[in-house]
Amino acid sequence: MGEDFITGTSITGFDIKDEREMELVTRHFNAVTLGNELKPDAIFGYSRVCPGQETVTLNGEELAVPKTDFSLAEQILDVILEWNEEHPDNFIRVRGHVLVWMTRREEWYIKTVLEHFTGEDSKYRELFYGWDVVNEAVSDKTGTYRSVQKIQAGGQFTGVRNISVTHLCLQTGMRLQM
């Protein structure tokens, strides 16, 4: 099917440690999608309360935002990086999953994630070939769009506004998967 044809599978932090599973992955696929490790819940530490705050700059404005933790995803990506260095003819790519999961996210969050994993200085930059933008936006029960969920009062996840994900992805050279 050609070198540019991408065939992928999903892996998690448990899968990456299983030698038999990884043997199947590296034999039959040239791309992976992380199970939950790139989802907002994982990056915010699976917490219903604000995981602390940090400051980011967006469009010249300093914002106090919830603290991000990329360590779960990085554990998997570091193994893939090592594999790719040892097997340059059998390079594994990564599909980012997902920028928005059942809720809308602020522009600062999407930009922070994309810059961390695909920015000029990111060691993971060459791994990613695209990102899923929205996951599970339509309810299985009603067939309509899900309502926006926010953590408020104490969590400080407030002020949802419209963003241009297309613009942010184009800045990093990523393909959009909707």
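Heads up: these notes are all about the structure in this document. (Residues numbered from 1 in each chain as written. Predicted model: local features only at pLDDT ≥ 70, side-chain atom pairs only at ≥ 80, totals over all residues. Heavy atoms only, no water.)

## Some words on the packing of aromatic side chains
Then, number 1: Following the criterion strictly, the structure yields seven aromatic pairs and no others.
Then, number 2: Ring centres 5.8 Å apart and planes at 50° place the aromatic pair Phe117 and Phe128 in the tilted group. You can see Phe117 sitting in helix H4 (residues 107–118) and its partner Phe128 sitting in strand S6 (residues 128–135), a full 11 residues away along the chain. Just as Phe117 is buried, Phe128 falls in that class too.
Then, number 3: When the centroid spacing of 5.1 Å and the interplanar angle of 5° are considered together, the rings of Phe128 and Trp131 count as stacked.
Then, number 4: Judged by relative accessible area, Phe128 falls into the buried class, the value being 5%.
Then, number 5: By the ring-pair criterion, three or more aromatic residues cluster together here, those being Phe70, Phe117, Tyr124, Phe128 and Trp131. (Phe/Tyr/Trp six-rings, centres within 6.5 Å; stacked < 30°, edge-to-face > 60°. Helix = DSSP H or I, 4+ residues; strand = E, 2+ residues; numbered from the N terminus. Buried < 20%, exposed > 50% of the residue type's maximum accessible area, 1.4 Å probe, protein only.)

## Focus on helix H3 (residues 71–86)
Then, number 1: Here H3 contains 16 residues, and its C-alpha end-to-end distance of 23 Å stays within 8% of the 22 Å for a straight helix at 1.5 Å per residue.
Then, number 2: Residues Ala73, Ile76, Leu77, Ile80, Leu81 and Asn84 constitute the buried set of H3. All buried residues of H3 project into a common sector of 145° when viewed along the axis, lining one side. Exposed residues pointing more than 90 degrees away from the buried face of H3 are listed as Glu85 and Glu86. (Expected span 1.5 Å × (residues − 1). Arc of directions from axis to C-beta.)

## Overview of the pairing of strand S2 (residues 31–34)
Then, number 1: Alternating positions in S2 separate into two faces, Ala31 and Thr33 on one and Val32 and Leu34 on the other, with burial throughout.
Then, number 2: As paired elements, strand S1 (residues 8–11) and S2 share four bridges and run parallel to each other. Looking at S2, one finds that Ser10 is bridged to Thr33.
Then, number 3: In this view, the connection linking S1 to its parallel neighbour S2 by way of helix H1 (residues 19–28) has right-handed handedness. (Pairing = 2+ DSSP bridges. Right-handed = clockwise from strand over helix to strand, strands pointing away.)

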